[in-house]
Amino acid sequence: MVKQPKINRKPILRSCIACRRNASKQQLVRITRGTDGILSCDPSGRKPGRGAYVCANPACFDLIERKRRLGNALKCEVTLADYQRLRAEFNAVCEVLPHANGTALSADALSADVKD
Ligand SMILES: [Zn+2]
C-alpha cells in the first residue's frame with residue numbers, strides 16, 4: 001500500500017465551460033443550480049446541486065451567454081433574465097477575487113483556447 005503524502009497534493013482542476021481550459025478551483029467561479037432550481041454564483045464552492053465552472057473573467061461569461069452553454073452544463077433551461085442576474089453576481093464575485101485583476105487570463109490566451 002502506498003501512502004499518499006498530504007503535501008504535494010495536486011490542485012483540483014475543473015474546466016471552464018466557456019474556453020474549456022483547465023484551471024484550479026480558485027481561478028474559476030462556480031455557478032450552481034440549487035436544489036430549489038435557482039441559479040446562483042457560488043464563490044464558496046460548497047452549495048449543493050449541480051455546478052458549472054467559468055473562469056473569473058468577464059470574457060468567459062460573455063461566451064457562455066452568447067453560446068447558451070449554461071443550460072447544457074446545468075441540464076436546465078436558462079433564461080435571458082437568469083443570465084443577466086448571474087452576470088451581476090459573477091461581476092461582484094470577480095471583483096473580490098484576488099486573481100481577477102486581469103492576470104489570470106490574457107485576452108490572447110483566451111481566444112487561442114476557444115475552439116468552436
Ligand atoms: Zn474560461
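It should be noted that the structure appears before, not after, this text.
Computed from a prediction, not measured in an experiment: that's the story for all the values here.

Asks: Account for the packing of helix α1 (residues 58–66) against helix α3 (residues 80–96), with residues named and values stated.
Replies: Two elements in contact, α1 and α3, have axes whose closest approach is 11 Å; the angle formed by their N-to-C orientations is 165 degrees. Classified by the angle their axes make, α1 and α3 are roughly antiparallel. Judged by the sense of rotation from one axis to the other, the crossing of α1 with α3 is right-handed. Residues P58, F61 and E65 of α1 form the contact with α3, whose participating residues are Y83, R87, F90, N91 and C94. Its residues assigned to classes, the contact of α1 with α3 shows five nonpolar, one polar and two charged.

Asks: Quick one: what's the story with α1, residue by residue and with numbers?
Replies: If you check which residues of α1 are buried, you get C60, F61, L63 and I64. Buried positions in α1, seen along its axis, are confined to an arc of 155 degrees and lie on one side of it. Those residues of α1 that are exposed and angled more than 90 degrees off the buried face are D62 and R66. Buried residues in α1 make contact with β5 (50–55), α2 (69–74) and α3. Just beyond α1, the residue with positive phi is R68, at close to 55 degrees.

Rules and cut-offs
- Residue indices follow the written sequence of each chain, beginning from 1 at its first position.
- Local features are withheld for residues below a pLDDT of 70 in this predicted model, meaning they are given only at 70 or higher, and side-chain atom pairs are given and counted only at 80 or more; totals for whole chains, interfaces and linings count all residues.
- The axes used here are C-alpha line fits, helices contributing only the stretch in contact, and every angle between their N-to-C directions lies in the interval 0 to 180 degrees.
- Put simply, DSSP H or I for four residues or longer makes a helix, DSSP E for two residues or longer makes a strand, and each gets a number counted from the N terminus.
- Put simply, angles under 35 degrees are roughly parallel, angles over 145 are roughly antiparallel, angles from 65 to 115 are roughly perpendicular, and the rest are oblique.
- By definition, any crossing whose near helix is turned counterclockwise from its far helix by less than a right angle is left-handed, and any crossing with a clockwise turn is right-handed.
- Placing a C-beta atom from the backbone of each residue, one calls two residues in contact when those atoms lie within 7 Å.
- Each residue is assigned to one of three groups, with Ala, Val, Leu, Ile, Met, Phe, Trp, Tyr, Cys and Pro labelled nonpolar, Asp, Glu, Lys and Arg labelled charged, and all others, Gly among them, labelled polar.
- In this scheme every C-beta is placed from the backbone, and a residue whose C-beta has 20 or more other C-beta atoms within 10 Å is buried, one with 12 or fewer is exposed, and one in between is partly exposed.
- What the arc covers is the set of directions going from the helix axis to the C-beta atoms.

Taken by themselves, the reported measurements are silent on function.
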